[in-house]
Amino acid sequence: MKTRMLKIEGPRKLVLVEKELVLEDDEVLVRTLQSSICGTDKMYYRGEMPPNEKYPLFIGHEGGGVVEAVGSKVDEYQAGDLVMSFSRSCTFADYFKTKPINLQPVPEGLDMRIAALGEPLACAMHSVLESGVQLGDTVAVMGMGFAGQIMLQGARKKGATKIIAIDVLEDKLKLAKKMGADVTINPAKENLYQTIMGLTNGQGVDVVFEAAGNQDSLNACSAILKHNGHLVLYSWLTQPVTLNMHRWHQNSFKIITTTLVHHTKYERIVWSEKAMRPFQQGLIDVEPLISAEYKLADIKEAFEESVNNDEIIKIIIKP
Ligand SMILES: [Zn+2]
């Protein structure tokens, strides 16, 4: 099967190459209906490479499509099934192939536009489910990108009474307000610590979600968290950082790491079903988080837009 596929050759160097996909016995061939740009794809694009990885590489792990064919040893899927990608399967392509374990079936009744966002949705929702947010809690979300906006809505559904959205970009805060944040704080413009202490009787928040992924954000999270609070670590930090961990120990934080796709793959299969349920049930508003749609042919433009435009939350790509 011939396909176009996105290759990243270096920082800001993207090429759509033509490739012939040969299906192995234990693989599934999927016709891409939609893929999307993840914050981590932007890191590769900007040149913030994780240790152990080198250019050139093929990226794209978010997306979904319809099974075109399966290898002779595959019995989990058959042609015509709708699937979501949960692993780096090079989804910025007309077709992609992968092992069945890297896919999830689309939950019944879920629109494909939302289902193709299954991986980022399930990851963010898994954080919500694991966060320990309880009825009456004050919750802070640090970083109001795609994941942060899901965490905000999920925390509300779990019973949080006061939700504080934090970001240095005003457009992201504006959206957070629309999605139900009680308070928004821009730490570039006001003193985050003092504002939070003012809002919480000098106690700090019960739960903080770290979804910004940098040193300042992590240190701010540990400054605004209550004694015995829950520190929910979501972001992928590919560069070394210096952390002030004094309070992690002294104030007995409960540290929760929530990256769903980095559990074992078998665990992930069980968890993703649970994590997709709130979307299947329509409890979370995803549509306002889709900022733009591009054709695969225009993917270079899409990446430039995603790193240059502060208003962008999620960009979807269609073949
Ligand atoms: Zn992702």
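Every value quoted in this text rests on a predicted model; they were computed, and no experiment measured them.

Rules used in this analysis
Residues numbered from 1 in each chain as written. Predicted model: local features only at pLDDT ≥ 70, side-chain atom pairs only at ≥ 80, totals over all residues. Heavy atoms only, no water. Helix = DSSP H or I, 4+ residues; strand = E, 2+ residues; numbered from the N terminus. Polar contact = N/O pair within 3.5 Å; in protein donor to acceptor, adjacent residues only side chain to side chain. Contact = heavy atoms within 4.5 Å. Salt bridge = Lys/Arg side-chain N within 4 Å of Asp/Glu carboxyl O. Buried < 20%, exposed > 50% of the residue type's maximum accessible area, 1.4 Å probe, protein only. Donors = N, O, S within 2.8 Å, 3.2 Å for Na, K, Ca; no water. Core = buried A, V, L, I, M, F, W, Y, C linked by side-chain atoms within 4.5 Å. Domains from an automatic or database assignment. Phe/Tyr/Trp six-rings, centres within 6.5 Å; stacked < 30°, edge-to-face > 60°. Lys NZ or Arg CZ within 6 Å of the ring centre and 35° of its normal.

Next up on the list: the side chain of Asp167. Tracing the sequence through the fold places Asp167 in the loop between β10 (162–166) and α5 (170–178). One polar contact links the side chain of Asp167 to the main-chain amide nitrogen of Met144, over a distance of 2.7 Å. In this structure Asp167 touches Gly143, Met144, Gly145, Lys172, Leu173, Ile185, Asn186 and Pro187, once residues within four positions along its chain are discounted.

Using the criterion set out here, one finds 17 salt bridges in the structure. For Glu62, the salt bridge goes to Lys314, with nearest N and O atoms at 3.0 Å. Of this pair, Glu62 sits in the loop between β4 (57–58) and β5 (63–70) while Lys314 sits in strand β16 (residues 314–318); the two residues are 252 residues apart in sequence, bridging distant segments of the chain. The same class applies to Glu62 as to Lys314, namely buried. Its salt-bridge partner being Lys318, residue Glu293 comes within 3.7 Å of it at the nearest N-O pair. Of this pair, Glu293 sits in strand β15 (residues 290–295) while Lys318 sits in strand β16; the two residues are 25 residues apart in sequence, bridging distant segments of the chain. Looking at Lys318, the relative accessible area reads 26%, which means it is partly exposed. If you follow the salt bridges from partner to partner, you end up with Arg113, Glu287, Glu293 and Lys318 in one network.

Cis geometry marks the peptide bond from Tyr55 to Pro56, where omega comes out at -5°. Of note, Pro56 is situated in the loop between α1 (39–46) and β4. With a phi angle near 60°, Arg12 is a residue other than glycine that sits in the positive phi range. Along the chain, Arg12 turns up in the loop between β1 (2–10) and β2 (13–20). Of the residues examined, Arg12 reaches a relative accessible area of 43% and is grouped as partly exposed. The backbone of Asn52 sits at a positive phi, close to 75°, despite the residue not being glycine. Within the secondary structure, Asn52 is located in the loop between α1 and β4.

Around the zinc ion, the protein contributes the donor atoms Cys38 (SG), His61 (NE2) and Glu62 (OE), which lie 2.1 to 2.8 Å from the metal centre. Counting along the primary sequence, the residues that act as donors to the zinc ion give the motif C-x22-H-E. One end of the pair, Cys38, is in the loop between β3 (28–36) and α1; the other, Glu62, is in the loop between β4 and β5, and 24 residues separate them in sequence. Classification of Glu62 as buried rests on a relative accessible area of 0%.

A few words on the nonpolar core. Leu121, Val139, Ile150, Met151, Phe209 and Phe279 are the most contacted members of the largest nonpolar core, which totals 49 residues. Elements supplying a minimum of two residues to this core: α2 (112–115), α3 (118–130), β9 (138–142), α4 (146–157), β10, α5, β12 (205–210) and α9 (265–280). Two domains share this core, each providing at least three of its residues, namely domain 1 (2–117 + 286–318) and domain 2 (124–259). Ile299, Ala302, Ile315 and Ile317 belong to the second largest nonpolar core, which has 20 residues in total.

On to the packing of aromatic side chains, then. Enumeration according to the criterion identifies 3 aromatic pairs in this entry. Between Phe92 and Phe303 the ring centres are 5.8 Å apart and the planes differ by 75°, which places this aromatic pair in the edge-to-face class. With Phe92 in the loop between β6 (82–85) and β7 (95–98) and Phe303 in helix α10 (residues 299–308), this pair connects stretches of sequence that are 211 residues apart. Judged on exposure class, the residue Phe92 and its partner Phe303 are both buried. Three or more aromatic residues link up through ring pairs in this structure, and these residues are Tyr45, Phe92 and Phe303. Just above the ring of Phe58 sits the side chain of Lys19; from NZ or CZ to the centre is 4.6 Å.

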